[in-house]
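# Geometric and topological summary
Below, each chain spelled out in residue letters.
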Amino acid sequence: KRGSVSVRAEGGINPQIRKEEAKVVDSVVVTELEKPLTAYCRCWRSGTFPLCDGTHVKHNKATGDNVGPLLVKK
Ligand code: FES
């Protein structure tokens, strides 16, 4: 229950990404990926969202969380 308590206390999982949108949705056409491996953010703190920029490492160190990216392989 630790996670649900934390989310309520912070007012949601997304602190700042595209807050003007009713729902943040991204889609990827896998065959159009440029690189053989692309990392997508799941911590909602990346400066390059929806791509992972490594910010999850700082978040995990600061909070004890264990989030990481979704890796999509071409
Ligand atoms: Fe969010 Fe890496 S920056 S998962």
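Cut-offs applied
Residues numbered from 1 in each chain as written. Predicted model: local features only at pLDDT ≥ 70, side-chain atom pairs only at ≥ 80, totals over all residues. Heavy atoms only, no water. Helix = DSSP H or I, 4+ residues; strand = E, 2+ residues; numbered from the N terminus. Buried < 20%, exposed > 50% of the residue type's maximum accessible area, 1.4 Å probe, protein only. Contact = heavy atoms within 4.5 Å. Areas by Shrake-Rupley, 256 points an atom, 1.4 Å probe, with all protein chains shown as cover. Salt bridge = Lys/Arg side-chain N within 4 Å of Asp/Glu carboxyl O. Core = buried A, V, L, I, M, F, W, Y, C linked by side-chain atoms within 4.5 Å.

To continue, consider the overall build of the protein. Helix and strand counts for the protein come out as two helices and two strands. Ordered by position from the N terminus, the helices and strands of the protein form the series α-β-α-β. Counting across all 74 residues of the protein, residues that qualify as buried make up 22%. Once local pairs closer than 6 in sequence are excluded, the contacts in the protein between residues at least 24 apart make up 54%. In the form shown here, the protein has an accessible surface area of approximately 5,800 Å², with 55% of it arising from carbon and sulfur atoms.

One pass over the full model with this rule turns up two salt bridges. Two residues, Glu21 and Arg18, come together in a salt bridge whose shortest N-O distance is 3.0 Å. Linked by salt bridges that have partners in common, Arg18, Glu21 and Asp26 make up one network.

What follows is about the nonpolar core. With six residues, the main nonpolar core is built from Ile17, Val24, Cys41, Cys43, Trp44 and Phe49. With near-sequence residues (within four places) excluded, Phe49 lies in contact with Ile17, Arg18, Val24, Asp26, Cys41 and Trp44.

Here Phe49 shows up in the loop between strand 1 (37-40) and helix 2 (55-63). For Phe49, a relative accessible area of 16% translates into the label buried. Separated by 31 residues in the primary sequence, Phe49 and Arg18 place their C-alpha atoms 9.3 Å from one another.

A few words on the environment of Gly54. Secondary-structure assignment places Gly54 in the loop between strand 1 and helix 2. Along the backbone, Gly54 and Gly68 are 14 residues apart, and their C-alpha atoms lie at a distance of 8.6 Å.

Time to look at unusual backbone geometry. Most of the time, phi is negative for any residue but glycine, and the peptide bond is trans. Along the chain, Phe49 connects to Pro50 via a cis peptide bond; the corresponding omega equals 15°. Structurally, Pro50 is set in the loop between strand 1 and helix 2. Phi angles above zero are rare outside glycine, and Trp44 is one such case at about 65°. Given a relative accessible area of 18%, Trp44 falls into the buried group.

From the geometry alone we can't say anything about function, so treat these as descriptive.
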